Amino acid sequence: MESTTYSTQVKALATRIQVSSGPGNRINETLPPKPHRGWSSEDETNEKGMLITPKRITTVGTWNVRTLLAIGATEMLMHELERLKWDVIGISETHWTGIQECCVKGYTIISSGREEGHSSGVGLILTREAQRSLISYTATSDRIISARFQTRNGMVTICQVYAPTADADDDTIDAFYIDLQEEINKIPKRDALILMGD
C-alpha cells in the first residue's frame with residue numbers, strides 16, 4: 001500500500017453551553033479554567049484548536065477492538081468510550097478496508113485497512129478538540145497510521161500501529177518494522193512523538 005497524506009483545516013465556532021453541576025457531569029473536566037491574573041483572554045483564544053496545552057490534561061490511549069465489521073459495533077465502541085475521558089484513541093484490528101474518514105456521534109474516525117480482505121486495520125478516533133487541532137494524517141499501511149496535531153508548544157505526531165504476532169512469517173515482520181522506521185523518519189525532528197498500538 002502506498003503512503004498517502006491527507007490534510008484538513010476546519011474552523012469551528014466556539015459556543016458555551018449552560019450545564020448543571022450535578023453528579024456525573026464532566027463540565028469541570030472538559031472546559032479550561034477561567035482566565036486569572038497573568039493569563040489574558042488572548043491566551044484563551046490562542047489555545048482553542050490545540051491538542052496539548054498547559055491548562056488542560058490531554059488523554060491518549062489505544063484499544064484492540066478485535067473487529068468493527070459487525071452491525072452496531074462502532075456505535076457500541078463509541079458508547080463505551082463516552083464513559084471515559086479521552087482526546088485521541090488509537091484502535092487496531094478494525095477489519096475495515098481501504099482508507100476511510102467517518103463521523104460517529106460527533107467523533108471523527110480515520111482508518112487505514114487492506115484494500116482486499118477483512119483483516120488487520122488501524123485507526124484513530126478524535127474528539128472535537130482533537131479534530132480542531134488535526135493538521136494532517138498519513139495512512140501508511142493496514143498496520144500503521146499517524147496523525148499530526150497542533151499543540152501550544154509546537155506539534156505532536158501520534159502513530160498507531162498493529163504489529164504482526166510472533167507467529168507471522170519473518171518477511172511480514174521485517175516489512176512491518178521497515179515501514180514503521182520509514183514513517184518515524186518522515187516525522188519532523190521537532191515534533192513530539194507518541195507511538196502506541198498492539
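Residues numbered from 1 in each chain as written. Predicted model: local features only at pLDDT ≥ 70, side-chain atom pairs only at ≥ 80, totals over all residues. Heavy atoms only, no water.

A. A look at the overall build of the protein chain. Each helix and strand in the protein chain was counted, giving five helices and 10 strands. Taking all 198 residues of the protein chain together, the buried fraction comes to 40%. Expressed as a percentage of contacts within the protein chain between residues at least 6 apart in sequence, the contacts between residues at least 24 apart total 60%. When the accessible surface of the protein chain is totalled, it reaches about 11,800 Å², and 51% of it is carbon and sulfur. (Helix = DSSP H or I, 4+ residues; strand = E, 2+ residues; numbered from the N terminus. Buried < 20%, exposed > 50% of the residue type's maximum accessible area, 1.4 Å probe, protein only. Contact = heavy atoms within 4.5 Å. Areas by Shrake-Rupley, 256 points an atom, 1.4 Å probe, with all protein chains shown as cover.)

B. Inspection of the confidence of the model for the protein chain at higher detail. Of all residues in the protein chain, 76% attain a pLDDT of 70 or more, and the chain-wide mean is 83. Below a pLDDT of 50 lies the segment residues 10-20, which in the model reaches eight contacts outside its immediate sequence neighbourhood of four places, other chains included. Below a pLDDT of 50 lies the segment residues 22-45, which in the model reaches 20 contacts outside its immediate sequence neighbourhood of four places, other chains included. (pLDDT = per-residue confidence, 0-100.)

C. Focus on a negative patch on the surface. Residues Asp169, Asp170, Asp171 and Asp174 make up a contiguous surface patch of negative charge. Among the structural elements, aspartate 171 can be located in helix H5 (residues 170-186). Here aspartate 171 falls in the exposed class, since its relative accessible area comes to 61%. (Patch = residues over 30% accessible without salt bridge, like charges linked within 9 Å, V, L, I, M, F, W, Y side chains within 5 Å. Salt bridge = Lys/Arg side-chain N within 4 Å of Asp/Glu carboxyl O. Lys, Arg positive; Asp, Glu negative; His and termini not counted. Charge placed at Lys NZ, Arg CZ, Asp CG, Glu CD.)

D. Region of interest: the pattern of salt bridges. Counted under the stated rule, the structure contains five salt bridges. The salt bridge involving arginine 83 is made with glutamate 80; its shortest N-O contact spans 3.0 Å. In this structure, the salt-bridge partner of arginine 148 is aspartate 191, at a minimum N-O distance of 2.6 Å. In this pair, arginine 148 is assigned in strand E8 (residues 144-151) and aspartate 191 in the loop between H5 and strand E10 (192-197), connecting sequence segments 43 residues apart. Assessed through its relative accessible area of 24%, arginine 148 is described here as partly exposed.

E. Fine view of the pairing of strand E9 (residues 154-161). For E9, a buried count of six out of eight residues is recorded, marking the element as mostly surrounded by other parts of the structure. In terms of strand pairing, E8 meets E9 through eight bridges, oriented antiparallel. Following the sheet pairing, threonine 151 is matched in E9 by glycine 154. Joining the antiparallel neighbours E8 and E9 is a turn of two residues. The pairing of E9 with E10 spans six bridges and is parallel. Looking across to E10, one finds that glutamine 160 is bridged to methionine 196. One crossover worth recording links E9 to the parallel E10 by way of H5, and it is right-handed. (Pairing = 2+ DSSP bridges. Right-handed = clockwise from strand over helix to strand, strands pointing away.)

F. Layout of the pairing of strand E5 (residues 107-112). Of all six residues in E5, six are buried; the element is thus mostly enclosed. Residues Tyr107, Ile109 and Ser111 of E5 are buried on one face, and the alternating residues Thr108, Ile110 and Ser112, pointing to the opposite face, are buried as well. By the bridge criterion, six bridges tie strand E4 (residues 99-104) to E5 in an arrangement that is antiparallel. Note on E5: the bridge partner recorded for valine 104 is tyrosine 107. From the end of E4 to the start of E5, which pair antiparallel, there are two residues, and lysine 105 there has a positive phi angle of about 55°.

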